[in-house]
Structure formats: structure tokens, C-alpha cells
Amino acid sequence: MNRWVIAACFCAAAAVAAAPAMAGKGDLKRSVPRSAPLLKGKTLDLRFADFAQGIWVRDLSNCPAPRIDRNDPGAAIAIYRGLLETPSRICQVYGAEKDKQFTQRAAINCLLNDGGEAIELVTVQPRGTNGLIVQEGERAPVHFRFCEAIQPILQSAQNNDN
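The shown structure was predicted, so the numbers you read here are calculated from the model rather than taken from an experiment.

Participant: Got a sec to walk through the layout of surface pockets? Specific residues and values, please.
Facilitator: The computed volume of the second largest pocket comes to approximately 250 Å³. The wall of the second largest pocket is formed by 16 residues, among which Gly-74, Arg-89, Glu-136, Arg-139 and Val-142 lie closest to the centre. For the lining of the second largest pocket, the secondary structure elements donating two or more residues are strand S3 (76-80), strand S8 (131-136) and strand S9 (142-148). It is S8 that contributes the most residues to the lining of the second largest pocket, three residues altogether. By residue class, the composition of the lining of the second largest pocket is eight nonpolar, four polar and four charged.

Participant: Explain the pairing of S8 residue by residue, including any values.
Facilitator: Most of S8 is tucked away, with five of its six residues classed as buried. Judged from the six bridges that link them, strand S7 (residues 117-127) and S8 form a sheet pairing that is antiparallel. Looking across to S8, one finds that Pro-126 is bridged to Leu-132. Counting the residues that bridge the hairpin from S7 to S8 gives three residues, and of these Gly-128 lies at a positive phi of roughly 70°.

Participant: Describe the packing of aromatic side chains, listing the residues and the values that go with them.
Facilitator: For the coordinates displayed, the defined rule picks out one aromatic pair. Geometrically, the ring pair formed by Trp-56 and Phe-146 is edge-to-face, given 5.2 Å between the ring centres and 75° between the ring planes. One end of the pair, Trp-56, is in strand S2 (residues 54-57); the other, Phe-146, is in strand S9, and 90 residues separate them in sequence.

Participant: So, the nonpolar core: which residues are in play, and what are the values?
Facilitator: Within the largest apolar cluster, 18 residues are counted, with the highest numbers of intra-cluster contacts made by Phe-48, Ile-79 and Ile-108. Listing elements by their share of this core, those giving two or more residues are S3, strand S5 (89-97), strand S6 (104-112), S7 and S8. Within the second largest apolar cluster, six residues are counted, among which are Ile-55, Val-57, Ile-68 and Ala-76.

Participant: Kindly report on the side chain of Arg-89, identifying the contributing residues and their values.
Facilitator: Structurally, Arg-89 is set in strand S5. Polar contacts involving the side chain of Arg-89 include one to the side chain of Glu-120, which spans 3.2 Å. Here Arg-89 is in contact with Leu-84, Ile-108, Cys-110, Leu-111, Leu-112, Asn-113, Glu-120 and Glu-136, once residues within four sequence places are set aside.

Each value, and the rule that gives it
- Residues numbered from 1 in each chain as written.
- Predicted model: local features only at pLDDT ≥ 70, side-chain atom pairs only at ≥ 80, totals over all residues.
- Heavy atoms only, no water.
- 1 Å grid on protein atoms, 1.4 Å probe; cavity = no way out; pocket = protein on both sides within 12 Å on 5 of 7 lines; lining within 4 Å.
- Points joined across faces, edges and corners; volume = space filled by probe spheres on them.
- Helix = DSSP H or I, 4+ residues; strand = E, 2+ residues; numbered from the N terminus.
- Nonpolar A, V, L, I, M, F, W, Y, C, P; charged D, E, K, R; others polar.
- Buried < 20%, exposed > 50% of the residue type's maximum accessible area, 1.4 Å probe, protein only.
- Pairing = 2+ DSSP bridges.
- Phe/Tyr/Trp six-rings, centres within 6.5 Å; stacked < 30°, edge-to-face > 60°.
- Core = buried A, V, L, I, M, F, W, Y, C linked by side-chain atoms within 4.5 Å.
- Polar contact = N/O pair within 3.5 Å; in protein donor to acceptor, adjacent residues only side chain to side chain.
- Contact = heavy atoms within 4.5 Å.

Here it is as C-alpha cells:
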């Protein structure tokens, strides 16, 4: 009887191996971790702190900034709610320290212009009244100056109607 069980298992395995593999939409998507290790145990939010909201530039002579994706690498950054955009990528927050007034860490999932993906930790910190220090992962911190506020689409549409 054991021979029959082994033979049946072998036949079933052979049938599965011979069948074509079918992949559905999204099968290749990577799962995003719920939290970066540095954020474990903290109260999390899905957006950046209010002090980080806006368009920031390295050199104020580039303000108002053209579209962020047309700036030189490292020259500008836009932060609005749960999104961060630089000339080379657009990122979404999947976990950020909540209610931070002076320094905030956020875990972000980025779509790179070349089609790749990256998961990073970014730290933002206000500097003075119109400055922002941004540190991406282990890279050196970069000082940006406030350029302009980002106006919500609905609010800008209402202003155009008036």
C-alpha cells in the first residue's frame, strides 16, 4: 500500500511540474515592511510633520522652482503630506514618527525615475525659521531653504474659479 501512496504523490508532483506557471497582476510586487526597525515602538503616522511641508531648494536663486523633476539632482525637494519628491524619484511615507516638532524620521517607499524601487529612512529637521535639514539614510545631511508652500489641488481650483 505504501508503494501506491508514493506512486500517487510522484504522479501528482509530476503533473504540477509539467503544468505551465501562471502569474497574476501584482505577483511580482514586493511587500513593504510595516515599519523600519528604527521606528519600532513609536506612534506612527503616514505623513510628514507640518514643518517639512513645502518646496525646498538648495539655492534661493532657483525659487520659484520649476517642476521638481526638471531640477538638477539634489537642488530641490518637495514634501507634501505623505509624499516626498526629488528630481530622481517620488516617495510615499509608510511610517513616520508622529507629532514631532524638531526632528522626524520617516520610512519611505520610492519609485525611481529609472523604474526601480527603493525603501529608505529619511530624517527631516527644521533649521531656523526657513530652513530644513534632510538626511536620506546614511548620506550626509543636506540644508534646504524654504521656497514656497504647496497649495492643495482643490484649493487652487477654487482660486481659479474666482
